[in-house]
Amino acid sequence: AAPLVVSTRKDTDPHFSPDGKWITFTSDRSGRSQVWLSGADGGRPRPLTSLEAGSTSGACVSPDGRRIVFLSDATGNMDLYLTTPEGTGPLRLTPSPRHETAASWSRDGAWIYFGSNREDDMQVWKTRPEPGAPALRVTRAGGYAPVEAADGKALYYARAGPPWSVRKVPTEGGEETEVLPRIANWGAFDVTAAFVYYVPSGGRNGQLRRRRLADGRDELLLALEKPYSFGVAASPDDSAVLWGQLDYHSSELMLIERLE
């Protein structure tokens, strides 16, 4: 294990681009939470967003690499936005007054999956990547952080606990079944063609693990030396895994001048 994206601020929620050449992540190194991009080696980091918002985060790159969906509360509640790797726009997708979160793309780029409480509790929904497009409900028993399987036949997602767990449902509809009984939080898993990568619990003595989809065999990849924070991302070819961890606690004294 080696540090990849490092600053004196909070860097979390990594995601690989579909070609595995670059990553998105959330950082408050500019003074507020924004979406950033870097090479897959952590080099050449640059801000993608600069919105006046309490939180801008959760970026995910489309399969063709030309669009990026992310979250922001720039209008007062958390919505989905669409931009490009060059930062074009951004374009607000969801006019709903409810809370939208944890967006991802279908493998063919035709849909954006996301979590929303627009009907009852938090469920997984999907919508076309167009402003104001109608949304279709996917889950019935609770859902967060959807990730479509590599073959497009199933949707994996987190379900609130306690504890948080990972479940799946056929993309065409059907029974919702459990895959993992426990994960640290809703960002603590990712899915590739061969594996589900996950962190089962937070705090100290954490582990990074993966479960083989073909036969369910589970293996330890790494015993974490420092506490896990948020986000697990596997490269498309299973050659690398990213996760957020808490390196140190810090606090600062701030000064406000010229109060009137």
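A quick note: this is a predicted structure, and the numbers were derived from the prediction, not measured.

Caption draft 1: Quick look at the sheet that holds strand β20 (residues 218–223). In spatial order, the strands read β17-β18-β19-β20; together these four strands make up an open sheet with antiparallel pairing. In the strand order of this sheet, the two ends are held by β17 (189–191) and β20, each with one partner. Ignoring which end each strand starts from, the neighbouring axes of this sheet average 20 degrees apart. Where β17 meets strand β18 (residues 195–198), three bridges bridge the pair, whose relative direction is antiparallel.

Caption draft 2: Quick peek at the sheet that holds strand β10 (residues 112–116). Taken in spatial order, the four strands line up as β9-β10-β11-β12 in an open sheet, and their pairing is antiparallel. Only two strands of the sheet have a single partner each, and these edge strands are β9 (100–105) and β12 (135–137). On average, each strand axis in the sheet is tilted by 30 degrees relative to the strand beside it, whichever way the strands run. Alignment of β10 against strand β11 (residues 123–127), held across five bridges, turns out to be antiparallel. Following the sheet pairing, Y113 is matched in β11 by K126.

Caption draft 3: Summary view of the nonpolar core. Judged by nonpolar contacts, the single largest core of 27 residues is most densely connected at Y156, V166, L180, I183, F189 and V199. Those elements that provide at least two residues to this core are β13 (144–148), β14 (154–159), β16 (177–183), β17, β18 and β21 (228–234).

Caption draft 4: Broad picture of the side chain of T127. Within the secondary structure, T127 is located in strand β11. Residue classification places T127 among the buried residues on the basis of a relative accessible area of 4%. Apart from residues no more than four positions distant in its own chain, T127 is found in contact with A110, W111, I112, F114, A133, P134 and A135.

Caption draft 5: Spatial organisation of unusual backbone geometry. Across the junction of G89 and P90, the peptide omega takes the value -5 degrees, indicating a cis bond. With respect to the element layout, P90 can be found in the loop between β7 (79–83) and β8 (91–92). In the segment running from P162 into P163, the intervening peptide bond is cis, with an omega of -10 degrees. Looking at where P163 falls in the secondary structure, it is placed in the loop between β14 and β15 (164–170). In this model, D238 sits at a positive phi of 65 degrees, which is unusual for a non-glycine residue. By the element assignment, D238 lies in the loop between β21 and β22 (241–245). What makes D238 partly exposed here is its relative accessible area of 24%. Unusually for a residue other than glycine, R258 sits at a positive phi of about 60 degrees. As for its placement among the helices and strands, R258 is situated in the segment after β22.

Thresholds applied
Residues numbered from 1 in each chain as written. Predicted model: local features only at pLDDT ≥ 70, side-chain atom pairs only at ≥ 80, totals over all residues. Heavy atoms only, no water. Pairing = 2+ DSSP bridges. Helix = DSSP H or I, 4+ residues; strand = E, 2+ residues; numbered from the N terminus. Axes fitted to C-alpha atoms, helices over the stretch in contact; angles between N-to-C directions. Core = buried A, V, L, I, M, F, W, Y, C linked by side-chain atoms within 4.5 Å. Buried < 20%, exposed > 50% of the residue type's maximum accessible area, 1.4 Å probe, protein only. Contact = heavy atoms within 4.5 Å.

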